[in-house]
Amino acid sequence: MSLTESSAIDIAKAASSASRHLATRSEAERNEALTALHDALLANKTAILEANARDLQAAEQSVAGGSLSHSVLKRLDLSRPGKYDDMLQGILSVRSLKDPIGNVTLRTLLDDGLTLEKVTCPIGVLLIIFEARPEVIANIAALSIKSGNAAILKGGKESTESFVTIANVISEAISHTRVPQASIQLVKTRAAVSDLLAQDSFIDLVIPRGSNDLVRFVKEHTKIPVLGHADGICSAYLHSDANPETAVKVVVDSKTDYPAACNSLETLLVHEDVLKSVFPLVAKALIAKGVTLRCDVSSKVALVKTLTPAEAEALRDAQDSDFDTEFLDLTLAVKTIVPQLSMTGVEVAVTHINAHSSKHTDIIVTESEDAANFFMKGVDSAGVFWNASTRFADGMRYGFGTEVGISTNKIHSRGPVGLDGLTIYKYLIRGNGHRAGDYFEGEGGRKYKHENLQIR
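Residues numbered from 1 in each chain as written. Predicted model: local features only at pLDDT ≥ 70, side-chain atom pairs only at ≥ 80, totals over all residues. Heavy atoms only, no water.

Draft legend 1. Molecular detail of the packing of helix 6 (residues 135-147) against helix 7 (residues 160-174). The geometry of helix 6 relative to helix 7 is characterised by a closest axis approach of 10 Å and an angle of 30° between their N-to-C directions. Here helix 6 lies roughly parallel to helix 7, going by the angle between them. Classified by chirality, the crossing of helix 7 by helix 6 is right-handed. Between helix 6 and helix 7, the residues in contact are Ile137, Ala138 and Ile145 and Phe163, Ile166, Ile170 and Ile174, respectively. The residue inventory of the contact of helix 6 with helix 7, partitioned by class, reads seven nonpolar, no polar and no charged. (Axes fitted to C-alpha atoms, helices over the stretch in contact; angles between N-to-C directions. Helix = DSSP H or I, 4+ residues; strand = E, 2+ residues; numbered from the N terminus. Parallel < 35°, antiparallel > 145°, perpendicular 65-115°, else oblique. Left-handed = near helix turned anticlockwise from the far one by under 90°. Contact = heavy atoms within 4.5 Å. Nonpolar A, V, L, I, M, F, W, Y, C, P; charged D, E, K, R; others polar.)

Draft legend 2. Region of the structure containing the pattern of salt bridges. A full pass over the atoms with the stated rule returns 20 salt bridges. Linking Arg54 and Glu161 is a salt bridge whose minimum nitrogen-to-oxygen distance equals 3.2 Å. Of this pair, Arg54 sits in helix 3 (residues 45-64) while Glu161 sits in helix 7, placing them 107 residues apart in sequence. Of the charged contacts, one joins Arg294 and Asp322 as a salt bridge, the two residues approaching to 2.9 Å between their closest N and O atoms. (Salt bridge = Lys/Arg side-chain N within 4 Å of Asp/Glu carboxyl O.)

Draft legend 3. Region of interest: the domain arrangement of the protein. The domain boundaries assigned to the protein delineate domain 1 (8-102 + 123-221) and domain 2 (235-397). Between domain 1 and domain 2, the C-alpha centre-to-centre distance is 34 Å. Every contact between the two is made by eight residues of domain 1 and, on the other side, eight residues of domain 2. Between domain 1 and domain 2, the buried area comes to about 690 Å², and carbon and sulfur atoms account for 50% of it. At the junction of domain 1 with domain 2, the criterion picks out zero salt bridges. Along the contact surface separating domain 1 from domain 2 lie two residue pairs in polar contact (both at pLDDT 80 or more). Listing elements by their share of the side of domain 1 that touches domain 2, those giving two or more residues are helix 4 (70-76) and helix 5 (83-96). Residue classes in the side of domain 1 that touches domain 2 are distributed as no nonpolar, three polar and five charged. (Domains from an automatic or database assignment. Buried area = accessible area lost by both parts, 1.4 Å probe. Polar contact = N/O pair within 3.5 Å; in protein donor to acceptor, adjacent residues only side chain to side chain.)

Draft legend 4. Region of the structure containing the packing of helix 10 (residues 244-256) against helix 11 (residues 278-288). Between helix 10 and helix 11, the shortest axis-to-axis distance is 9 Å and the interhelical angle comes to 35°. Two packed elements cross with a definite hand, and for helix 10 against helix 11 that hand is right-handed. The segment helix 10 lies against helix 11, with Pro244, Ala247, Val248, Val251, Val252, Lys255 and Thr256 engaging Val278, Leu281, Val282, Ala285 and Leu286. Residue composition of the contact of helix 10 with helix 11, by class: ten nonpolar, one polar and one charged.

Draft legend 5. Quick peek at the packing of aromatic side chains. On inspection of all chains with the given rule, the structure shows four aromatic pairs. Centroid distance Tyr398 to Phe400: 5.5 Å. Interplanar angle 85°. Geometry classified as edge-to-face. Its relative accessible area of 28% is what places Phe400 among the partly exposed residues. Arranged with centres 4.3 Å apart and planes meeting at 10°, the rings of Tyr439 and Tyr448 form a pair that is stacked. For Tyr448, a relative accessible area of 42% puts it in the partly exposed group. One cation-aromatic arrangement involves Arg80 over Tyr258; the distance from NZ or CZ to the ring centre is 4.1 Å. Over the ring of Tyr425 we find Lys118; its NZ or CZ atom is 4.2 Å from the centre of that ring. (Phe/Tyr/Trp six-rings, centres within 6.5 Å; stacked < 30°, edge-to-face > 60°. Buried < 20%, exposed > 50% of the residue type's maximum accessible area, 1.4 Å probe, protein only. Lys NZ or Arg CZ within 6 Å of the ring centre and 35° of its normal.)

Listed below in structure tokens is the structure:
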């Protein structure tokens, strides 16, 4: 990794050249670089956490002054229990995964001596723009190197001390391997972002990780394809037969395990049949964890009758805008699902989610396989779960090692983007002087065989 203040076009050109060299490196050489990266970050943990502490101190002052949100502060903290170790483990997990480059997914015999193959290959050059989250540098460096892509990274000003320190550690580590140093470049100046977004001749994919404003800015200011998501408005639906124990476990974990994450729960939909049974148990468990519930009329009435006065202080009246809001905090919007003459409860829930969801992750709690299958087929999101927390929407939890981000796109890659999401494919033909002009209908023309061959 090189920490650079070069011009945008020089940065992009260097990354493009490095990507072509990196794509030809063997898996062993790329894995060697990941080992060096891991060992260097482990050896320099104290220095990195000290730098992160300086960022946190400045960020706390910004929060106190109202210029930075609490959710950004939480994401910035590398000292949170297990976070640094997870970052290191993510590198090792990526190293242990199957090489994503050069995998043949199709083989066809076009004619004798003429074969076609579809083979996975790197995308090329990635531009990753992120806010807070200093661990992103290590995650993306590992994923990029393993997948044969060059990466240009720009971090937010709130994590400057952290990412400069991490960048220097990684740069030194990579310099002793066969991976080109320009494969991973970290840009310091904010002014470079707009210029980099204009380098569509050299940069192949932009991945923004941060606020809605950041994602929208990127999408509006580049011709380069953008992979990412603006919001994480995740919903849970308690069906009429929801198991109380399952509902409490799944909903509480979805909301409170890490409220600042994009895969945390923001909306709870409750079938009217469980307003007085399952829902109060869930509400009490949420309130005990410090959650404020923004309820519609029916759900609030149901709770007022069952909660203690102290618990009822956590209730607020829901506004229509609450169901389109990513709170990223201990706040949850609640809506009652009422079946209609032409629609069942699960159909009403699916309709609501598709109208308000950000297409990230949504879940159903039910004992009915039919209801679950309808929900999972009907909800148009990157992740749709049955009786499981939204927090499972994560590259490491999916077994991807780590992730470069979450995509709500509907082309190329969707959901947590790991190694496979950072590859594309090319078609290879091997022949022996074959000419396309020899294939035609009529006398003397050759005919294609188009036989599927075994993939080796």
